[in-house]
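Chain by chain, the residues run as shown.
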Amino acid sequence: MNPAEFSIRNKTILWVAIVLVIVAGSVSYERLGRLEDPEFTIKDALVITPYPGASAAEVEQEVTNAIETAVQELGQLKRIRSKSDRGLSTVTVTIKDKYGKHALPQVWDELRRKVASAKLPPGAGPSIVNDDYGDVYGIFLAVTGEGEGYTPAEVKRYVDLLRRELLLVQDVKRVELFGVQDEAIYVEIAREKMAQLGIPPEAIFKTLAEKNLVTDAGKVRVGSRYIAIQPTGDLTSAQEIENVLIGSPTSGRLIRLGDIATVARGYVEPPRTILTYDGKPAIGLGISTVQGGNVVTMGEAVQKRLDELEAECPFGVKLNTIAMQPDTVKEAVNGFVVNLLEAVAIVIVVLLIFMGVRSGLLIGAVLFLTICGTFIVMDAMGIMLERISLGALIIALGMLVDNAIVVTEGMLIKIEQGEDRIKAAREVVSQQALPLLGATVVAVTAFGAIGLSQDNTGEFCRSLFTVLLISLMLSWVTAVTVTPLFCYLFLKPKAQGDADADPYAGRIFRLYKGFLLWCLRWRWLTAAVAAGLLAAAVYGFGFLENSFFPASTRPQFMVDVWLPKGTDIRDTRRKAEEIEEYIRNVALPDGHKPVENVSAFI
């Protein structure tokens, strides 16, 4: 819009646009996804290949080398790391940084084809390519109940119900179980009886292996239909396994399995994983968010569904919360929003002090419109509210008002000199539009190295550059459109007697002019001071602490305890119980215990 044509129609259109921006910005703010930290892709995949019975050297020579040779044909490969243990090969494949979340699925498919083409020795494999182990479980729950008389299997049935229902909740990607104790049937054979009756162990193994096999028993024609035959005789309990008849190859007699063996139902020993909550055995549910999902919305939907399923919970079974990221994200985002509002308030107060009430409020209104417009574009581009994007808004605040200040001050001076407001708007915008655009582009370019970087840092911090680009460019647009309108409407010319006064005769202008003249007169000293300040800043930068991720603000700590390799998991659990007991009994000087609960994953 040309500022020289402030007709009633044009002003009406602009006012309607302003109202629409405010309304759409408010709606977009509510729709924006919330996360604690930005999403980023893990460009690593694990190729896990079992080779039972082989030594570490044999695994390295016969399996790991073959897989590495096949994977090295991958054009997207950055590097390979491998570890060969007894009976297990683990190869870590890292893809080049330039492949993002949209290209990685195809890269992983090609990796699977390369791994499948590797020639492995008999007994090795199959190789498993795990490219999806980077999920962050925003919600982690622990279900306890064994101390209330429930067996792990009974707790597991309730956990399976929760898993099925929570997978249907909005924005839930995966529900993973932890600490599940696998059931097993133990058959303890009395070797003396087996030898007396002439029954070899292979006969028992073969007979049990043939049970409960799912096979097609065929169909029988009944009238005009074919009816499928469903065989009976499936084993469904330990007692039925005891009644299985074993044939003796020497005597031909059939011997009941329970006569030569003890059959009992139990759990796999030793367990592969153990989860405890405040010392009680538990089953954990890790719930992750879909790509681009809103973790706060997911948390609210999960909590609502859990409340609806409360009636299904057996008496004595408890659902405990280990980590609830939605609450943390909500608190973090609210904290950043408060900081943003405080920063906006500070900017407006400074403007009110140094530019006057009218000019300060005018620029503050333009700043608010720019932020609303930024939310609209962020919503359209799928940018979420998280530490980096909100931090970018706070960083941009000081620069967002620069363009509006230049236009406002230019029009203010001309209007106070008695010039027509329409003419003042035309002259100021025509003179300043291109210089302001160039300055804005320079400011955005300063952050280009962050946004255009293809490594993990660039991916993690990309929203910093994107939000700054959106907000600063919008500040230029509002400076050459909305700002002249507001100046035309609200800046009033001085009285005739004051119009001839010099607008630059104020104390601040005179002090600033004097300081500039002094710097120009002593230009070599000025240049030396500037160079010294730059050198001091470069030197002082070396003393700043470097940290990629900010320190966590959660009141939660994780302690890793490593015992020697080969230690029985039950011994590890006993060590964990000692640590838990110590932590729970820690007391502050006033006698209060600061620990709310302790979880252990073994």
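Note: the structure precedes this text.
In this text the structure is predicted, and so the values were computed from the model without any measurement.

1. Regarding the overall build of the protein
When helices and strands are counted, the protein shows 20 helices and 16 strands. Rg of the C-alpha trace for the protein: 36 Å, well past the compact-globule value of 25 Å for 602 residues, more than 25% over. Taking the principal axes of the C-alpha coordinates as reference, the protein spans close to 130 × 70 × 60 Å. Buried positions account for 37% of the 602 residues belonging to the protein. Considering only contacts within the protein whose residues lie at least 6 apart along the sequence, 77% involve residues at least 24 apart.

2. Here's the deal with helix H6 (residues 201–209)
All of the buried residues in H6 are Ala203, Ile204 and Thr207. All buried residues of H6 project into a common sector of 100° when viewed along the axis, lining one side. The outward face of H6, more than 90 degrees from its buried face, is lined by the exposed residues Glu202, Phe205 and Lys206. Where the residues of H6 are buried, they touch strand S7 (183–189), helix H5 (191–197), strand S10 (245–247) and helix H8 (257–260).

3. Things to note about the packing of aromatic side chains
All chains considered together, the criterion is met by six aromatic pairs. When the centroid spacing of 5.7 Å and the interplanar angle of 85° are considered together, the rings of phenylalanine 178 and phenylalanine 601 count as edge-to-face. With phenylalanine 178 in strand S6 (residues 172–178) and phenylalanine 601 in strand S16 (residues 599–601), this residue pair connects regions lying 423 residues apart in the sequence. In this structure phenylalanine 178 comes out as buried when scored by relative accessible area, which is 18%. An angle of 70° between the planes, with centres 5.0 Å apart, marks the rings of tyrosine 539 and phenylalanine 543 as edge-to-face. Accessibility classification places tyrosine 539 together with phenylalanine 543 in one group, the exposed group. Cluster of aromatic residues (ring-pair linked, three or more members): Tyr137, Phe140, Phe178 and Phe601. A cation over a ring is seen here: arginine 421 above tyrosine 488, with NZ or CZ 4.9 Å from the ring centre.

4. Things to note about the pattern of salt bridges
Opposite charge on two side chains makes pairing possible when the charged atoms of those side chains draw close. Tallied over the entire structure, the rule returns 19 salt bridges. Close ionic contact of arginine 256 with aspartate 259 constitutes a salt bridge, the shortest N to O distance being 3.2 Å. Using a relative accessible area of 29% as the deciding quantity, one classes arginine 256 as partly exposed. For glutamate 580, the salt bridge identified is with arginine 584, shortest N-O distance 3.3 Å. Here the residue glutamate 580 and the residue arginine 584 both occupy positions in helix H20 (residues 569–584), the gap between them amounting to four residues, near one helical turn. Using a relative accessible area of 24% as the deciding quantity, one classes arginine 584 as partly exposed. Shared partners join several salt bridges into a network, and the residues in it are Glu165, Arg305 and Glu308.

5. Focus on the packing of helix H11 (residues 357–381) against helix H16 (residues 482–490)
In the contact formed by H11 and H16, the axes pass within 10 Å of each other and the chain directions differ by 150°. By the angle between their axes, H11 is roughly antiparallel relative to H16. Handedness of the H11/H16 crossing: right-handed. Of the residues in H16, those in contact with Arg358, Leu362, Ala365, Val366 and Leu369 of H11 are Val482, Thr483, Phe486, Cys487 and Phe490. For the contact of H11 with H16, the class distribution of residues is eight nonpolar, one polar and one charged.

6. Structural notes on the side chain of aspartate 85
Topologically, aspartate 85 is positioned in strand S2 (residues 77–85). On the basis of relative accessible area, aspartate 85 is assigned to the buried category, the value being 18%. Setting aside its immediate chain neighbours within four residues, aspartate 85 contacts Ser55, Ala56, Val59 and Lys565.

7. Quick look at the nonpolar core
Counting 87 residues, the largest nonpolar core has Leu285, Ile287 and Val302 as the members making the most contacts within it. If you tally residues by element for this core, the top one is helix H12 (residues 387–416), at 14 residues. What isoleucine 287 contacts, discounting residues up to four positions off in sequence, is Val136, Tyr137, Gly138, Ile139, Leu141, Leu166, Val172, Arg174, Val175, Met298 and Val302. Ranked by size, the runner-up nonpolar core spans 21 residues in total, among them Val47, Leu77, Ile95 and Val107.

8. Quick notes on the sheet that holds strand S3 (residues 88–95)
Strand order in the open sheet formed by four strands is S2-S3-S1-S4, with antiparallel pairing between adjacent strands. Only two strands of the sheet have a single partner each, and these edge strands are S2 and strand S4 (128–130). The mean inter-strand angle of the sheet, taken between neighbouring strand axes irrespective of direction, is 20°. Bridge count between strand S1 (residues 44–50) and S4: three bridges; the pairing is antiparallel.

The rules we used
- Residues numbered from 1 in each chain as written.
- Predicted model: local features only at pLDDT ≥ 70, side-chain atom pairs only at ≥ 80, totals over all residues.
- Heavy atoms only, no water.
- Helix = DSSP H or I, 4+ residues; strand = E, 2+ residues; numbered from the N terminus.
- Rg over C-alpha atoms; globule rule 2.2 N^0.38 Å.
- Buried < 20%, exposed > 50% of the residue type's maximum accessible area, 1.4 Å probe, protein only.
- Contact = heavy atoms within 4.5 Å.
- Arc of directions from axis to C-beta.
- Phe/Tyr/Trp six-rings, centres within 6.5 Å; stacked < 30°, edge-to-face > 60°.
- Lys NZ or Arg CZ within 6 Å of the ring centre and 35° of its normal.
- Salt bridge = Lys/Arg side-chain N within 4 Å of Asp/Glu carboxyl O.
- Axes fitted to C-alpha atoms, helices over the stretch in contact; angles between N-to-C directions.
- Parallel < 35°, antiparallel > 145°, perpendicular 65-115°, else oblique.
- Left-handed = near helix turned anticlockwise from the far one by under 90°.
- Nonpolar A, V, L, I, M, F, W, Y, C, P; charged D, E, K, R; others polar.
- Core = buried A, V, L, I, M, F, W, Y, C linked by side-chain atoms within 4.5 Å.
- Pairing = 2+ DSSP bridges.

Keep in mind that these numbers describe shape and distance, not what the molecule does.
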